[in-house]
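Geometric and topological summary
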Amino acid sequence: MRVSPSTILIRMAATLICLAACGISPVFAQQGLASDTGFDSCKQWTIDRIEKNHIKLKGAVECKRGDMQFFAEELESWTDTHRVMVSGNVTFRQKDAQISADRAEFNTETRLGTFYHASGFATLATEAKRSPMGGQEPDIYFYGDTIEKIGPDKYRITHGGFTTCVQPTPRWQITSGSITLRLDHYAFLKNAVLKAKDVPVFYFPAIFYPIKKDDRATGFLMPTYGTSTYRGFTLSNAFFWAIGRSEDVTFMHDWFSKRGQGMGAEYRYASAPGSSGFVKFYRLTEHESLFQNSDGTEGVLPATQSYEVRGNLNQALGRRWNARGRVDYFTDITVQQTYNTDIYDASRSSRTFGGSISGNVGGFTVNGSYDRTEYFSGVNDTTLTGGTPRVTLSRNERPLFGSPLYFSVNSEYANIARETRSGDVVTDRGLTRLDVMPTVRIPFTKLRFLTVNSSVSWRGTYWTRSQALGGDGSVIDEGIGRRYFDFQSRVTGPVFNRVWNTPDNGYAEKWKHTVEPFFTVQRVTKVDNFDQIVPLDGTDYILGGTTRLDYGVTNRLLAKRSGGAGGASAREILGVSISQTYYSDDRASQYDVNYSTSFSGQAPSNFTPVAVTVRASPGDQVNGNFRLEYDPKEAVIQSMAADGQVAVSDWLHVTGGFSQRRLTNTINLVPQRDNYINAAATLRTSANRVGGSYTFNYDIGRSTMLNSRIIGYYNAQCCGFAVEYQTYNFPQFNPLYPVQSDHRFNFTFTLAGLGTFSNFFGALGGGMGR
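A quick note: this is a predicted structure, and the numbers were derived from the prediction, not measured. (Residues numbered from 1 in each chain as written. Predicted model: local features only at pLDDT ≥ 70, side-chain atom pairs only at ≥ 80, totals over all residues. Heavy atoms only, no water.)

1. Observations regarding the pattern of salt bridges
All chains considered together, the criterion is met by 32 salt bridges. The salt bridge partner of aspartate 620 is arginine 571, with a shortest N-O separation of 2.7 Å. Highlighted residues: aspartate 620 in the loop between β36 (610-619) and β37 (622-631) and arginine 571 in strand β35 (residues 569-583), separated in sequence by 49 residues. Take aspartate 620: its relative accessible area is 70%, and that puts it in the exposed class. Glutamate 629 is the salt-bridge partner of arginine 627, the closest N and O atoms lying 3.2 Å from each other. Overall, the relative accessible area of 29% leaves arginine 627 in the partly exposed class. Here the salt bridges do not stand alone but share partners, grouping Glu308, Arg310, Asp328, Asp345 and Arg348 into one network. (Salt bridge = Lys/Arg side-chain N within 4 Å of Asp/Glu carboxyl O. Helix = DSSP H or I, 4+ residues; strand = E, 2+ residues; numbered from the N terminus. Buried < 20%, exposed > 50% of the residue type's maximum accessible area, 1.4 Å probe, protein only.)

Following this line, the structure appears as structure tokens:
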């Protein structure tokens, strides 16, 4: 039947009048749904019921208010109470969160409500952000019998769980009777169970799980489990407190089934460029326990208490001043060398603390410091050194009255601590020293192939204590002074060069080979009271009345390689140097810090060993160093050392080192035979999904593997794990080590968004590729 335009207009007017009588705005019919429903707009609906302050819609209802969207098959709204009920394939969207449910009740004014038999997800990071787990940062998925929206970004889940895995059957999930979830902050669970592939693994009475975009969220970190021959079963836990954007604290607890437990904390801050620091404190309580060595012998380890403090500070004080501080202090050397996983920390036998302030004033550089270092040669045998305090004032080279001469000066005031302790016997050799040394340098650089640098220095030093004559080395409270002139001249050249091109080489377009002979002559005037000076450091070991000659030759090979946008640049890819020193007084050979054979009890000699030094760096990711000291008189290599590293992109990094010494102490005729080799390799895939590292330290002379350590890890999209195995053989017949060897195994797993940590003694340190 054909309907006339006038009939259509009459029907539309009647509809509008009816809607107005029911309290519904006429705009309702034009925009889809108006403010009478509590929403800004709705569409794709049919009216099922209309009453005053109440409306019910059916169909594929889609309603929107602000940043909220509702999708459902049915929607009922009570505008006087702002209450909305939706049912049938309910979907709620807001910002980066979405919830699906069978039905829901919602308040459009408070934007709070409850979803029944619901599940949802929230996006925690932008798509471009890379995850430390090896892929994109995962969303968080959650579900429950009920999900209550109790805040703008806060939800309460009843009888549900959550995960960050995207698999249909997640690799892991945590289920709980009650979950409080705050997006981009945390999830707090009570009576929680961690499941792996639906298999229950761990039960937690309560757990605080951080979920933040910036990977810095307050909460518990994943625990580390392990075993040790010495410590037994180990369990390490930590809690991370993100105080602010520039500071945080980590609280740690370790439990050792055989030895006891330890607690500690680490504070870090970075307030501004050039101003940062950290401090760690750890207290270990050990109980009495039995131990058994590999040879079957048994012993008793006593109950002890010890603590350790580590820290480093670098603080800018304006534009010209800077403060630094460092502490590495422990109370028990045995704990230090039997608990640490890193061989550097385990083999270190010294404790130290100190600080300094430095800056520039009127062209002078000022540095004031206080430091104390104590070296252990036994449990109760130590040597204390340091400057308490030490103040230096220096002025860099400047032209002298506009002439070609350059003037500089260095001075120092130091209260030098030196104390040896053997049991209850304490020997104090400390003193106060004042030292000043002005220098005038005369350079000659007019010839390109020949350079001559000459200098004249005067040095005056005063000590408040001296060494008694007679050879027993005792220190007396009598001051002593020393003054001498130091004349030096260093000649480099004539330098021979050869340059050639290799445009089709593929490695470098131009090469340069240089041969640089060098020769240095130094004369120190006579010092009559050398034997009365208390020898504490390099300032005190200057033997007067001596002429010293350094001579040698250096070969350098340089390559000019393409440098990308910056153009071609030259770099030294190989350098070889051969040198030797002659002293007119053979005693000077015992105090030359440039040779490793000095200060080792060697017999005095007018000639040092011949030193050969090799440096190689053919590329940014390949370099190596080698040094050899050969005694031509005895025809023996006295020392040799080498180290190098190779890197292939960012997936393979290999380092290695070798050292050897063959010396004989002329005082006690005890031969010193040291021969060690060490290596480390790190391997990982490009996405850091799989990786690991291996390190070892081997004593060739004693045919003993001192340390062998292997770490492996696997990172999936939402979880991962890491394992570590280490064998440690302690030096035998050393009272610092109560056991002969230790075998250690550590394990931890990771969940996306939940951080890992290395305990105070370095278990799994850096093993996850973080």
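2. Quick look at the pairing of strand β38 (residues 636-648)
As paired strands, β37 and β38 are joined by ten bridges and run antiparallel to one another. Bridge pairing in β38 links asparagine 623 to glutamine 645. The antiparallel hairpin formed by β37 and β38 contains four residues in its connecting segment, where alanine 635 sits at a positive phi of about 55°. (Pairing = 2+ DSSP bridges.)

3. A word on unusual backbone geometry
Of note, the bond from threonine 388 into proline 389 is cis; its omega dihedral lies within 30 degrees of zero at 5°. Along the chain, the position of proline 389 falls in strand β24 (residues 381-399). That bond from glycine 493 to proline 494 is cis: its omega, 0°, falls within 30 degrees of zero. Tracing the backbone through its elements, the reader meets proline 494 in the loop between β31 (480-492) and β32 (496-501).

4. Remarks on empty space enclosed by the protein
A water-sized probe, rolled over the atoms, reveals where empty space remains. Under the counting rule described, the total for this entry stands at three cavities of 30 Å³ or more. There is about 90 Å³ of room inside the largest cavity. Lining the largest cavity are 15 residues, with Arg231, Thr234, Asn746, Asn759 and Ala763 positioned closest to its centre. Looking at which element gives the most residues to the lining of the largest cavity, the answer is strand β13 (residues 219-228), with five residues. Residues of the lining of the largest cavity, tallied by class, amount to four nonpolar, nine polar and two charged. The computed volume of the second largest cavity comes to approximately 70 Å³. (1 Å grid on protein atoms, 1.4 Å probe; cavity = no way out; pocket = protein on both sides within 12 Å on 5 of 7 lines; lining within 4 Å. Points joined across faces, edges and corners; volume = space filled by probe spheres on them. Nonpolar A, V, L, I, M, F, W, Y, C, P; charged D, E, K, R; others polar.)

5. Remarks on the nonpolar core
Among the nonpolar cores identified, the biggest contains 47 residues, and Phe115, Phe162, Trp172, Ile174 and Leu181 are the most heavily contacted of them. Leaving out residues up to four positions away in the same chain, isoleucine 174 has contacts with Gly160, Gly161, Phe162, Leu189, Ala192, Val193, Leu194, Ile207 and Tyr209. In terms of nonpolar packing, the next biggest core, distinct from the first, is built from 19 residues, Ala238, Met252, Leu284 and Val335 among them. (Core = buried A, V, L, I, M, F, W, Y, C linked by side-chain atoms within 4.5 Å. Contact = heavy atoms within 4.5 Å.)

6. Quick look at the packing of aromatic side chains
By the definition in use, this model includes 32 aromatic pairs. Considering the side-chain rings of phenylalanine 256 and tyrosine 339, the 5.5 Å spacing of their centres and the 75° angle between planes classify their relative orientation as edge-to-face. Remark: tyrosine 339 occurs in helix α3 (residues 333-339) and phenylalanine 256 occurs in strand β15 (residues 247-256); sequence separation between them is 83 residues. Just as phenylalanine 256 is buried, tyrosine 339 falls in that class too. Considering the side-chain rings of tryptophan 500 and tryptophan 511, the 6.5 Å spacing of their centres and the 10° angle between planes classify their relative orientation as stacked. Of this pair, tryptophan 500 sits in strand β32 while tryptophan 511 sits in strand β33 (residues 510-524), placing them eleven residues apart in sequence. Accessibility expressed as a relative area gives 28% for tryptophan 500, which makes it partly exposed. Through a chain of ring-to-ring contacts, three or more aromatic side chains come together here, namely Phe202, Phe204, Tyr225, Tyr714, Phe721, Phe747 and Phe749. Its guanidinium or amino end placed over the ring of tyrosine 595, arginine 627 lies 5.8 Å from that ring's centre, counting from NZ or CZ. (Phe/Tyr/Trp six-rings, centres within 6.5 Å; stacked < 30°, edge-to-face > 60°. Lys NZ or Arg CZ within 6 Å of the ring centre and 35° of its normal.)

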